[in-house]
Amino acid sequence: MSANSPAAVVVLAAGGGTRMKSNRLPKVLHEVCGRSLVGHAVAAAEELTPGQLVVVIGHMREKVAEHLAAHHPGARAVVQAEQNGTGHAVRTALETLAADGIELDGTVIVTTGDAPLLTGGTLRALAGAHAEQGNGVTVLTAVVPEPFGYGRILRDQADGAVAAIVEEKDASDAQRAIDEINSGVFAFDAKLLVGALAEVTTDNAQGEEYLTDTLEILRRAGHRVGAVVAADYRDILGINDRVQLAHARRLLNDRLLERAMRAGVTVVDPATTWFDVQVSYEPDAVVLPNTQLQGETHLGEGCEVGPNSTLKDTRIGAGARVSNTTADGAEVGELATAGPYAYLRPGARLARKAKVGTYVEVKNSELGEGAKVPHLSYIGDATIGEGTNVGAASVTVNYDGVNKHRTVIGAHCRTGSDNMFIAPVTIGDGAYTAAGSVITNDVPAGGLGVSRAQQRNIAGWVERKRPGTTSAQAAAAAAEPAAEVPTEA
């Protein structure tokens with residue numbers, strides 16, 4: 001916590017979100033660009049390094065608490081057992097801290113767990129203005145093109161302070177024409193907030209404690225109620241249904257792509273390209289159309305990914321090329337290539353200049369520098385040495401029905417097409433294996449492994465066993481002697 005950090009940030013995330021129409025997830029756990037809604041709220045709050053970071057949870061609290069513990073262990077979950085309004089939620093958070101001997105002194109930011117576009121920069125501007133203006137409370141507002149449904153901000157004409165917040169249903173025609181709205185995000189003086197919450201009543205149609213009632217309480221007590229207008233009104237957009245969820249995903253993705261492009265990444269078609277917030281990159285990377293980069297995927301300098309690729313938690317080395325590929329937890333080294341139509345599963349590691357080609361699946365395996373698996377193969381639980389070429393239609397047979405076993409193919413080997421390597425098995429450096437072989441024993445360095453039956457041909461089998469078929473007719477025609485060509489006298 002720095003000298004300019006708020007004493008606390010309280011994230012309100014207890015609501016059920018009935019309009020999401022979900023029986024499996026609370027609203028705040030729905031994802032946008034690789035992070036939950038509440039995760040976005042917590043990440044923005046963490047940028048302020050507050051003394052206390054509290055998330056008030058309620059609906060499906062076990063799932064939300066488990067999620068926070070796994071992804072945001074620095075946030076403290078406080079349970080609002082009954083959802084009795086936003087004021088009650090904040091009071092629950094402060095009382096829980098006080099019960100642990102934590103008395104807040106300074107600024108308390110209250111934000112919501114369903115606004116994924118809200119940034120740490122916007123919260124920092126709110127906290128800064130609150131301190132500079134000496135307000136009792138400062139409201140984050142936004143000027144929006146369509147204010148319908150939002151609470152309107154009424155300002156004092158003398159000093160610009162907030163005189164009131166009027167909800168849509170209570171507003172006059174003149175007030176409905178106001179385009180400055182309440183975001184539901186506030187900065188409070190901690191001690192004034194505690195006192196104001198003690199005066200909030202449930203004397204309203206919903207029978208709940210409204211946090212917004214504290215503004216009028218503080219104003220009556222002579223404290224200034226200020227407002228800060230968000231630089232981008234979209235920062236404050238909340239999520240109530242899946243239509244809004246998709247809209248927020250598009251907006252956030254546009255921000256992420258713009259940031260990448262301004263950092264030197266070429267995104268050929270932003271309309272069909274999707275980034276998660278954790279994606280990182282280096283200059284001169286190229287992303288081709290219809291590509292999704294998820295989780296902690298990293299693009300090295302000058303690499304090219306896509307088209308039609310989905311990469312999750314995957315590192316792409318400098319100058320590498322990945323086309324029409326699905327990768328999860330993989331690593332593609334410098335100048336290596338994958339695809340088209342490759343599948344790199346967790347633990348797939350391609351060293352410098354390695355190649356995984358068309359219709360090849362790799363799992364928990366390492367390919368050495370310059371090693372190649374060009375076609376139609378499965379490489380699982382294997383180590384392949386540098387410079388080795390694995391023939392088409394090869395399989396490392398790694399599973400015996402109970403346990404997984406490892407195949408080791410040394411450096412500069414040449415394995416034939418249609419090979420089955422029955423693990424555990426080792427192919428020595430420089431060894432060859434013959435096409436069509438089932439390799440069950442180790443092959444020494446420089447040796448040739450052959451395991452296939454002796455071919456024998458049974459003459460006339462088709463005409464005897466398949467008479468009348470086109471195959472039999474073709475065989476008979478082929479057996480006829482060639483017609484004599486007459487010679488001139």
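Residues numbered from 1 in each chain as written. Predicted model: local features only at pLDDT ≥ 70, side-chain atom pairs only at ≥ 80, totals over all residues. Heavy atoms only, no water.

**Re the pairing of strand S9 (residues 162-166)**
Consideration 1: The pairing of strand S8 (residues 152-155) with S9 spans four bridges and is classified as antiparallel. Paired with Leu154 across the two strands is Ala164, which belongs to S9.
Consideration 2: Hairpin remark: S8 followed by S9, antiparallel, with six residues in the connecting loop; positive phi at Gly160, about 80°. (Pairing = 2+ DSSP bridges. Helix = DSSP H or I, 4+ residues; strand = E, 2+ residues; numbered from the N terminus.)

**What about the side chain of Thr141?**
Consideration 1: Along the chain, the position of Thr141 falls in strand S7 (residues 137-143).
Consideration 2: Of note is the side chain of Thr141, whose polar atom sits 2.6 Å from the side chain of Glu180. (Polar contact = N/O pair within 3.5 Å; in protein donor to acceptor, adjacent residues only side chain to side chain.)

**Some details on the nonpolar core**
Consideration 1: Of all hydrophobic cores here, the largest spans 56 residues; its most connected members are Val305, Ile316 and Leu344.
Consideration 2: For this core, the secondary-structure elements that each account for two or more residues are helix H8 (242-262), strand S25 (342-344), strand S32 (382-384) and strand S38 (425-427).
Consideration 3: The element that contributes the greatest number of residues to this core is H8, accounting for seven residues.
Consideration 4: Contacts of Ile316, omitting those with residues within four sequence positions, involve His298, Leu299, Gly300, Cys303, Val305, Leu311, Val322 and Val332.
Consideration 5: Of all hydrophobic cores here, the second largest spans 34 residues; its members include Ala7, Leu12, Ala14 and Ile217. (Core = buried A, V, L, I, M, F, W, Y, C linked by side-chain atoms within 4.5 Å. Buried < 20%, exposed > 50% of the residue type's maximum accessible area, 1.4 Å probe, protein only. Contact = heavy atoms within 4.5 Å.)

**A closer look at the environment of His71**
Consideration 1: Mapped onto the elements of the fold, His71 is located in helix H2 (residues 61-71).
Consideration 2: By relative accessible area, His71 is classed as exposed at 52%.

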